[in-house]
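# Chain and residue survey
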Amino acid sequence: MPISPERLERDLTMIAQAPLSSRPAANRPTFSPTWVEAVRYVVSEAEACGLTKRVDAAGNIHLRSPENIGRRLWLSGSHLDSVPNGGAYDGVVGVIIPLEVFRAAREDKLRPPPLELVIFAEEEGTTFGLGMLGSRTWAGTLDAAALVKFHNSDGQDYCSAGKPFGVRSLEFASDRFRAEDYSGLVEVHVEQGPSLWKKEQPVALVTAINGRRQYRVALEGVANHAGSTGMADRFDALAGAAEMIALVEKIPGTLSPQAVATVGRIECLPNALNVIPSRVEFTIDFRAPLESVLDQGAAELDWHLPAIAQRRGLKINIETTEILPAAPLSTEVCQLLREAAARLNCTLPETASGALHDAAILSPLLPAAMLFVASRDGISHNPDEYSEIEHISQAARILYELVTTTVTREQS
Ligand code: HGY
Ligand code: MN
Ligand code: MN
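The structure reproduced in this document is the subject of the present report. (Residues numbered from 1 in each chain as written. Chains lettered and ligands numbered in written order. Predicted model: local features only at pLDDT ≥ 70, side-chain atom pairs only at ≥ 80, totals over all residues. Heavy atoms only, no water.)

## Considerations on the coordination of the manganese ion (ligand 3)
Keep this limit in mind: Only nitrogen, oxygen and sulfur atoms qualify as donors, and only when within 2.8 Å of the metal (3.2 Å in the case of Na, K and Ca); with water excluded, sites may look incomplete. The way it works is that DSSP assigns letters per residue, a run of H or I at least four long becomes a helix, a run of E at least two long becomes a strand, and they are numbered from the N terminus. Remark: exposure states derive from per-residue accessible area (1.4 Å probe, protein chains only) relative to the maximum for the residue type, with buried under 20%, exposed over 50%, and partly exposed in between.
For the manganese ion (ligand 3), the full set of protein donor atoms is Asp90 (OD), Glu124 (OE), Glu124 (OE) and His381 (NE2), and the range of their distances to it is 2.1 to 2.7 Å. Taken as an interatomic distance, the gap from the manganese ion (ligand 3) to the manganese ion (ligand 2) is 3.3 Å; Asp90 donates to each of them. Taken as a pair, Asp90 in the loop between strand S3 (73-79) and helix H3 (92-107) and His381 in the loop between strand S16 (368-373) and helix H12 (389-405) lie far apart in primary sequence, 291 residues in all. By relative accessible area, which is 5% here, Asp90 ends up buried.

## Side note on the packing of aromatic side chains
We apply this condition: Two rings from Phe, Tyr or Trp (for Trp, the six-membered ring) form a pair when their centres sit within 6.5 Å of each other. Planes less than 30 degrees apart are called stacked, planes more than 60 degrees apart edge-to-face, and all others tilted.
Counted by the stated rule, this structure contains 11 aromatic pairs. With a centroid separation of 5.6 Å and 10° between ring planes, the pair formed by Phe177 and Tyr182 is classed as stacked. Judged on exposure class, the residue Phe177 and its partner Tyr182 are both buried. Members of the aromatic cluster, connected to one another through ring pairs, are Phe31, Trp35, Phe128, Tyr158 and Phe165.

## A look at the coordination of the manganese ion (ligand 2)
Listed as protein donors to the manganese ion (ligand 2) are His79 (NE2), Asp90 (OD) and His189 (NE2); their distances from the metal cover 2.1 to 2.2 Å. When the donors of the manganese ion (ligand 2) are listed by position in the chain, the intervening gaps give H-x10-D-x98-H.

## A look at the site of ligand 1
Note the following rule: We call a residue near a molecule or strand as soon as one heavy atom of that residue lies within 4 Å of the molecule or strand. Any N or O atom pair separated by 3.5 Å or less is treated as a polar contact, with the protein-specific requirement of one donor-capable and one acceptor-capable atom, and with residues adjacent in sequence counted only for side-chain atom pairs. All accessible-area figures derive from a Shrake-Rupley calculation using a 1.4 Å probe, and residue coverage is judged against the displayed protein chains alone. Polar here means any residue other than Ala, Val, Leu, Ile, Met, Phe, Trp, Tyr, Cys and Pro, which are nonpolar, and Asp, Glu, Lys and Arg, which are charged; Gly is therefore polar.
Every residue lining ligand 1 is accounted for by Glu123, Glu124, Arg212, Arg287, Ala355, Leu356 and His381. Taking Leu356, its main chain carries an N or O atom lying 2.7 Å from an oxygen atom of ligand 1. One of the side-chain nitrogen or oxygen atoms of His381 is found 3.2 Å away from an oxygen atom of ligand 1. In isolation ligand 1 exposes 220 Å². Once the protein is present, 92% of that is buried. Its residues placed into classes, the shell around ligand 1 shows two nonpolar, one polar and four charged.

Below is the structure:
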């Protein structure tokens, strides 16, 4: 089977725009020149394979073969946008693997497999403030009225910033995801955790994706002089935030071994050396495999954070910015992937994903599953991110086997 590790390595290098050995940092905010460059590279490779490009109204890029018109297709893809100073593999692996499947099929003189490659826009959420904006809008779980609330650092909302790249807010409803077009979704992604690497397992089947709740906490204190204000006379928003953040770190361990919580962003005003901070905003990202644990986490935050604020004489506002339920993935697609892997003498270990993926957004609408590729030492969202090209190739071979031999009843 002509899956080519060399072509995959070239894809990674071209998208990273640097030798992988140099641990290139990925900085591809959605709609930025670096993101456009990466998309352009994948589209040119896909068009060289005879695929045609379509950008849906939400800004996601779809690549399919004109020979597949009227056929129900497997959907496979991921994202090219990155977190700031990210790694070369997050999202990219899930885009170049379906691309390689098309190239391999062409080399095998097969007709284009019943597959569509998709590049979802704004998966990370670090550019506009909420993750998976492209897939949510395509899926219909976010509309134009909700989208305008999300802005990039230039103050542009998603629809305005995305307009030059195909975002058409008046067409969201008419250009929505249609289940009848697809047989199922397979997203391939790096694990972004250490377990596969530790167990020396190159690829795993993902059977569920953890749920996520995100919050924005705003604290109001009183700006005052750092030198002449006694400790008992202060309403220090940053000291209050520090106590709360230390508590946020402790909550998951009291609830479940799989629960995690992160304060990733903080803003402090006036952020001056000799002024007691008057206002602080910070984010909380809370995840767990079970709704009950997510509910318990929410209850802990709702109880403890206001109590700390009250004791310190601070005003507090906790805004829930995201509620994403845990997503069990399709047992049918999981079984088809197990069978495809077995035909290649590969047994797939199974795992759940702590990280969120576009597959979670689409999984309520069509049968979806994921494959993970081992991440060295579990490092991700970091230029040290690394996966073996042979492991990536193994995942590509399983996807190739699935889409070239598992012709579902609708595709025949
Ligand atoms: O946050 C996540 O889980 C993913 O990296 N977007
Ligand atoms: Mn990702
Ligand atoms: Mn990521």
